[in-house]
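# Structure assessment
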Amino acid sequence: MNHCVNRTTIFAGAHKEQARNRFQSELEFIQCLANPNYLNFLAQRGFLRERPFINYLKYLLYWKEPEYAKFLKYPHCLHMLELLQYEHFRKELVNAQCAKFIDEQQLLHWQHYSRKRTRLQQALAEQQLPQQPPPPHGNAPTK
């Protein structure tokens with residue numbers, strides 16, 4: 001009987017490791033989708049025309065769920081994943097100019113976001129500064 005327990009434990013451990021490896025592989029892959037040049041690479045090599053690959057992209061939509069999305073370092077990959085569900089977008093990615101345009105738009109977004117975030121953080125810091133006491137009035141003694 002002890003022999004059966006060991007097999008079950010080994011199987012459970014192997015299954016857990018496989019699940020962890022799959023999670024890490026999918027996490028890494030989905031974040032690669034944030035790179036328009038990688039998408040162009042996939043399109044030029046025909047991956048975006050293959051039904052099994054398109055089905056895999058559809059399967060990956062579960063990453064939009066908060067319990068998975070919280071692990072993403074590049075959350076805009078989810079937007080690309082959503083766009084990849086459309087045949088027209090997949091076809092356009094063959095064109096290097098399309099990938100370049102997306103790349104430029106991402107850069108502009110990040111620049112705008114960085115400036116906007118800095119302004120918001122500065123405004124928040126100013127709100128959190130301790131309030132200065134009002135200046136003393138006419139006859140009030142000063143220290």
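Residues numbered from 1 in each chain as written. Predicted model: local features only at pLDDT ≥ 70, side-chain atom pairs only at ≥ 80, totals over all residues. Heavy atoms only, no water.

With an unreviewed UniProt entry as reference, the chain is termed Mediator of RNA polymerase II transcription subunit 31, source organism Gouania willdenowi. One UniProt comment on the chain, placed under Sequence similarities (unreviewed entry), says "Belongs to the Mediator complex subunit 31 family." Comment text from UniProt for the chain, heading Subcellular location (unreviewed entry), reads "Nucleus". (UniProt positions renumbered as here; feature names shortened; annotations may be inferred.)

## What to know about the overall build of the chain
Counting its secondary structure elements, the chain contains seven helices and zero strands. Considering the chain as a whole, with its 143 residues, one finds that 22% of them fall into the buried category. The long-range fraction of contacts in the chain, counting pairs at least 24 apart against all pairs at least 6 apart in sequence, stands at 67%. Accessible surface, the chain as shown: approximately 11,500 Å² in total, 57% of it carbon and sulfur. (Helix = DSSP H or I, 4+ residues; strand = E, 2+ residues; numbered from the N terminus. Buried < 20%, exposed > 50% of the residue type's maximum accessible area, 1.4 Å probe, protein only. Contact = heavy atoms within 4.5 Å. Areas by Shrake-Rupley, 256 points an atom, 1.4 Å probe, with all protein chains shown as cover.)

## Thoughts on the environment of Tyr62
Mapped onto the secondary structure, Tyr62 falls in the loop between helix H3 (51-59) and helix H4 (66-69). Apart from the residues lying within four places of it in its own chain, the contact partners of Tyr62 are Glu26 and Tyr68.

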